[in-house]
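So the chains spell out like this:
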Amino acid sequence: MILHIQNSVESATLVAITEALLKEPFVEGHETAGRAAKLVKNNRQLRLRGEKPAALFMLLNHLKKNSLFKSATFAKQFTNVMVNQYQVQQEYGLHIDDALMGQVRTDISFTLGLSDINTFEGGELVIEDTTGERSWKLGAGDLLLYPSHYLHRVNAIRNGQRLAMIGWIQSHIRLPHQRELLFDLKCSMQEEFEQRGKTPQYDRLSKSYNNLLREWVD
Ligand SMILES: O=C(O)CCC(=O)C(=O)O
Ligand SMILES: [Fe+2]
């Protein structure tokens, strides 16, 4: 399941945090890429050595409160989040994310756009599978959650610049199809509850959701 969540963080908060992040030092992005990804990574990213800016944690904390984010990820652990910046002609070619980052198994990758969608051209996040590819242009507040097992890339910027927060999550539910099933059940439960209350139908959905979760959680 690939999930695009719009307005994932309230816009005034996002603008204030983005302004604070832009005052921080940025370094060449290839410093943190693996051997093969280094060859195709051409961007800049927030310097992560030393003390990390408080704004970065504030942003992640806002994201963690988003209810769709919670229902789709079952987050157990996060890697260090990063902020990357692509200027004109910068791109990140096709690559696969490392399966292990420190002690964290990367089940889910995410990008949270921080730049107004009308201020840049290009910079789409493109995900490839056996049937072809699909791309998303992520403006401020747009969050894309995708299983880390896909090859993906970021198209070159043609105009303006693209700023985004990216990160990886180890999920309590390791397999993507199980996360998707639980996500669907949770959405149905919520819809039933909101429209009809605690009906027998709601109870059966809730029973299935919780018992599957109990079986699969790690
Ligand atoms: O900037 C993005 O949207 C994705 C970056 C990426 O794929 C990575 O850093 O591994
Ligand atoms: Fe990546």
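Every chain begins its residue count from 1, and numbering advances along the sequence as written. For this description, chains carry letters from A and ligands carry numbers from 1, given in the order in which they are written. Predicted model: local features are reported for residues with pLDDT of at least 70 only, side-chain atom pairs are reported and counted for 80 or more only, and whole-chain, interface and lining totals are derived from all residues.

Okay, the domain arrangement of the protein chain next. If you check the domain split of the protein chain, you get domain 1 (3-171) and domain 2 (176-216). An automatic or database domain assignment supplies the residue ranges for each domain. The distance between the C-alpha centroids of domain 1 and domain 2 comes to 30 Å. Remark: residues whose backbone-derived C-beta atoms lie within 7 Å of one another are considered to be in contact. Listed by partner, the interface residues are five residues for domain 1 and four residues for domain 2. Side-chain classes are defined by residue name, with Ala, Val, Leu, Ile, Met, Phe, Trp, Tyr, Cys and Pro counting as nonpolar, Asp, Glu, Lys and Arg as charged, and the others, Gly among them, as polar. In terms of residue class, the side of domain 1 that touches domain 2 is built from three nonpolar, two polar and no charged.

This brings us to the pairing of strand 13 (residues 132-136). Bridge analysis of strand 12 (residues 125-129) against strand 13 gives five bridges, and the strand direction is antiparallel. Counted as the bridge partner of Glu128 is Glu133 from strand 13. Two strands make a pair as long as DSSP finds a minimum of two bridges between them. The way it works is that DSSP assigns letters per residue, a run of H or I at least four long becomes a helix, a run of E at least two long becomes a strand, and they are numbered from the N terminus. Between strand 12 and strand 13, which follow one another and run antiparallel, lie two residues.

With that settled, consider the site of ligand 1. Around ligand 1 lies a shell formed by Asn84, Tyr92, Asp97, Thr111, Leu125, His152, Val154, Ala164 and Ile166. Every element with two or more residues in the shell around ligand 1 is listed here: strand 15 (151-154) and strand 17 (162-171). Residues of the shell around ligand 1, tallied by class, amount to five nonpolar, three polar and one charged. We call a residue near a molecule or strand when its C-beta atom, built from the backbone, sits within 6 Å of it.

Looking now at the UniProt feature "binding site: Fe cation" (unreviewed entry) in the protein chain. UniProt positions are given in the numbering used here, feature names are shortened, and annotations may be inferred rather than shown by experiment. When the UniProt feature table is mapped onto this chain, "binding site: Fe cation" (unreviewed entry) is found at His95, Asp97 and His152. Spanning 58 residues, the named residues form one tight spatial group whose C-alpha atoms are at most 8.7 Å apart. By the secondary structure assignment, His95 is in strand 7 (residues 91-95). Residues within four places of His95 in sequence aside, it is in contact with Ala36, Ala37, Val40, Leu151 and Arg153. Relative to the helices and strands, His152 resides in strand 15. Excluding residues that lie within four positions of it along the chain, His152 makes contacts with Leu125, Val126, Ile127 and Glu128.

Turning our eyes to something else, we now look at unusual backbone geometry. Phi is positive for Phe74, which is not a glycine, with a value near 50°. Three classes are used. A residue is buried when 20 or more other C-beta atoms lie within 10 Å of its own, exposed when 12 or fewer do, and partly exposed in between, with C-beta atoms placed from the backbone. Among the residues examined, Phe74 registers 22 C-beta atoms within 10 Å and is labelled buried. Notably, Gln89 is not glycine yet its phi reads approximately 75°, a positive angle. Here Gln89 is to be found in the loop between strand 6 (82-86) and strand 7.

This part covers the nonpolar core. To form a nonpolar core, buried Ala, Val, Leu, Ile, Met, Phe, Trp, Tyr and Cys residues must be joined through C-beta atoms within 7 Å. Counting 32 residues, the largest nonpolar core has Phe110, Leu112, Leu114, Leu144 and Leu145 as the members making the most contacts within it. Taken together, the elements giving at least two residues each to this core come down to helix 1 (11-22), helix 3 (54-64), helix 4 (67-73), strand 6, strand 10 (108-113), strand 14 (143-147) and strand 17. In terms of residues, this core owes the most to one element, strand 17, which gives five residues.

Let's shift gears to the UniProt feature "binding site: 2-oxoglutarate" (unreviewed entry) in the protein chain. As recorded in UniProt, the feature "binding site: 2-oxoglutarate" (unreviewed entry) lies at Arg162. Discounting residues that sit within four places of it in the chain, Arg162 has contacts with Tyr86, Ser115, Phe120, Gly123 and Ile157.

This part is about the confidence of the model for the protein chain. Confidence of the predictor at the level of single residues is given by pLDDT, which spans 0 to 100. Considering every residue of the protein chain, the mean pLDDT works out to 96; 100% of them sit at 70 or more. For this predicted complex, the interface confidence score (ipTM) comes to 0.99, while the overall pTM stands at 0.96.

With that settled, the discussion passes to the packing of helix 1 against helix 3. Packing of helix 1 against helix 3 brings their axes to within 9 Å, and their N-to-C directions diverge by 155°. Considering the angle they form, helix 1 stands roughly antiparallel to helix 3. Helix 3 is crossed by helix 1, and the crossing has left-handed handedness. Where helix 1 approaches helix 3, its residues Thr13, Ile17, Ala20 and Leu21 are matched on the opposing element by Ala55, Leu56, Met58, Leu59 and His62. Of the residues contributing to the contact of helix 1 with helix 3, the split by class is seven nonpolar, two polar and no charged. In this analysis, axes come from line fits to C-alpha atoms, helices being fitted only over the stretch in contact, and the angle between any two N-to-C directions falls in the range 0 to 180 degrees. Roughly parallel means an angle under 35 degrees; roughly antiparallel means over 145; roughly perpendicular covers 65 to 115; every other angle is labelled oblique. Put simply, a crossing is left-handed when the front helix is turned counterclockwise from the back one by less than a right angle, and right-handed when it is turned clockwise.

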